[in-house]
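Coordinates in review
Each chain is listed here by its residues.
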Amino acid sequence: MQKKSKKNITAAVIDIGSNDLHLHIAQARLDGEQEGVDYLESLHYPLSLGRDTFHAGKMRFDKIDKACDVIKNFLLETKNYGVRQIRTVANTAAREAANIDYILDQIKVKTGVTVEVMDETDEKRHMYKLLSHYADESVKQSALMVYIGAGNVGVILLEGGKIPRKWNIPVGSLRMDELFGQLQEYTREFHKLLEEYLIGFTQQIKAGIPEEIAHFIVCGQEIDSVAKLAGVESYAPLFTLPREYLLDLCEKIKRKTPERIASEYGLPIDKADSLLPAACIVQNLLALTQAQVLTASRLLPCDAVLFEMLHPKRFAALEKRLVKSTELSVRLLAERYSVDIAHGLQVRGQALAIFDKLKKLHGLGSRDKQLLAAAAMLHETGEYVNNRGHYIHSYNIVRASDIVGLSAGEVELVALICRYHSLLAPGEHDPTYAELGREEKVRVSKLVALLKLADALDRSYRQKFSQIEAKLSEGELTITVHTQSNASLEQWAFAEKGQFFSEVFGLKAQLKVKKL
């Protein structure tokens, strides 16, 4: 057992996965100028929690009892290393279980551990940041990045080091095995069924990417099995495999049962079960690229969490890069629906200026600012469908879209802010708003109030104001603008939309126009 250096920061992650429970104990490392991780201990215990979730919709309590015993043993191991920083995370199997609240309570009661259930988008965001840290800049200029989870697949397009598009596909390796696994006993053409099921998703992605993508990056639990079959002994963060090797592997296993795959390749049966679906997923997505070599990684979201614990400043820097990709994704979505980009940029700039001026008043954070910026660019996407009731169409378009860097819940909030930017106001009469928790209702209402003011300032779509000044005095917010143009329309719109601002913040909003 390797002992840690006293000078190095040490941390541990317990991962409650769909197929296994993992414990990773590691310490921070710096190779030259690049941050890294030295693993001191990696343990795993096979436990198929995901099969219960995907098959019956719930986790079994007898398995959770076993999981609790494993977690307690893991905690004892962390004490041997003197680890104080410990996080316990869970992913798809827990996230989709109908009885997850009861499960988390039992784990807390029996082990004292609080489990963080990672949001689907947060899981993929962690993987993107980790892989982009280790990947060469040349690879990030043109690549398709694929994360194969147990219940879903995340696909990211990389162009020029940024992410313009992403897709979430509900066809993870274990989910596909649960959906179609029994059919494998009755047909030698099982692989064709998988390929036909996948083609609708891959065609959707194909329509949204350039014709020539130079690189392919893939990660997920099954990559460890692929690496072992390929004789890759290195546990480096990234390794490469020839394209032909993957295609040849698919050909060799596609007509074999999991039992035969396990026997011939020396794999545990649970690994063999999910290998064919994973290989089919990779084969179909690889076909969308020109990559002759795959860049692969054994790393999982729990490894990204561990990296975040050991190198928080570096992880924060990677988050800033992702914010730029969110802005690009929003811009491309606006362009796709023929939004007046000049108006969107003007409203966004004015909304963020008001947001910054009123920090002490609204108490919102940087994440809220990002949601406001997105809503400001997308609030008129509904015009693409119909000008009449366009705000309703904007809501429907945005909530059905994938926005890089935002979770499904955050996209829903952006859609709601777009919905209420015009005639409507948030209220219990609207079921979509009524279903929100109290804090989320207040959050949405604050952002809507700010967007309404910003939108009113460009009611003519002529970008009359190059800068705005905001001043808070007792009982009043005064926004002063300078212009050479007639601003009567903006003054009228500001008075109308300022009423909701007064309802939310208890302040009168006043617009002062000064002639240049």
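See the structure above.
Attention here is on the structure that accompanies the text. Here the residue index of a chain counts from 1 through its sequence in written order. Confidence filtering applies because this is a predicted model: local features only for residues at pLDDT of at least 70, side-chain atom pairs given and counted only at 80 or more, and all residues used for totals across whole chains, interfaces and linings. The side-chain quantities take in all heavy atoms of the structure and omit both hydrogens and water.

1. So, the nonpolar core
By convention a nonpolar core is built from buried Ala, Val, Leu, Ile, Met, Phe, Trp, Tyr and Cys residues, the set being connected through side-chain atoms within 4.5 Å. Here's how the labels work: a residue is buried when its accessible area is under 20% of the maximum for its type, exposed when over 50%, partly exposed in between, all with a 1.4 Å probe on protein chains only. Ranked by size, the top nonpolar core spans 58 residues in total, and within it I479 and F501 carry the most contacts. Per-element accounting of this core gives the leading share, 9 residues, to helix 21 (residues 438–456). Core analysis: the second largest hydrophobic core is formed by 42 residues, F216, V232, L276 and V282 among them. Starting at the N terminus, helices and strands are each numbered in turn, a helix being any DSSP run of H or I of at least four residues and a strand any DSSP run of E of at least two.

2. Structural notes on the sheet that holds strand 14 (residues 508–515)
Spatially, 12-13-14 is the arrangement adopted by the 3 strands of the open sheet, whose pairing is mixed. Whereas interior strands pair on both sides, the edge strands pair on one side only; in this sheet they are strand 12 (468–473) and strand 14. Neighbouring strand axes in the sheet, compared pairwise and without regard to direction, differ in orientation by 20 degrees on average. Judged from the 8 bridges that link them, strand 13 (residues 476–483) and strand 14 form a sheet pairing that is parallel. In the sheet register, T480 faces strand 14, and the bridge partner there is K512. Taken strand by strand, helix 22 (residues 488–505) contacts strand 13 and strand 14, and its axis lies near 155 degrees from that of strand 14. Strands pair, by our definition, only if DSSP identifies at least two bridges between them. Helix axes are fitted only over the stretch in contact, all axes being lines through C-alpha atoms; the angle between N-to-C directions runs from 0 to 180 degrees. We call two residues in contact whenever any of their non-hydrogen atoms come within 4.5 Å of each other.

3. Looking at empty space enclosed by the protein
In this analysis, the protein atoms alone were mapped onto a 1 Å grid. Cavities are point sets where a 1.4 Å probe fits without being able to get out; pockets are open sets with protein on both sides within 12 Å along at least five of seven lines; lining residues have an atom within 4 Å of a point. Grid points are joined across faces, edges and corners, and a volume is the space filled by probe spheres set on the points. Under the criterion given, the structure shown has 6 cavities of 30 Å³ or more. Within this model, the largest cavity holds a volume of roughly 180 Å³. Taken together, the elements giving at least two residues each to the lining of the largest cavity come down to strand 4 (85–90), strand 6 (142–148) and helix 13 (301–310). By the convention adopted, Pro, Cys, Tyr, Trp, Phe, Met, Ile, Leu, Val and Ala count as nonpolar, Lys, Arg, Asp and Glu as charged, and the other residues, Gly among them, as polar. Taken together, the residues of the lining of the largest cavity sort by class into 9 nonpolar, 9 polar and 3 charged. Of the volumes computed, that of the second largest cavity is approximately 110 Å³. Lining of the second largest cavity is provided by 14 residues; of these, K124, R125, I156, K166 and G405 occupy positions nearest its centre. Breaking the lining of the second largest cavity down by element, the ones donating at least two residues are helix 5 (120–134), strand 7 (153–159) and strand 8 (162–169). Its residues placed into classes, the lining of the second largest cavity shows 7 nonpolar, 4 polar and 3 charged.

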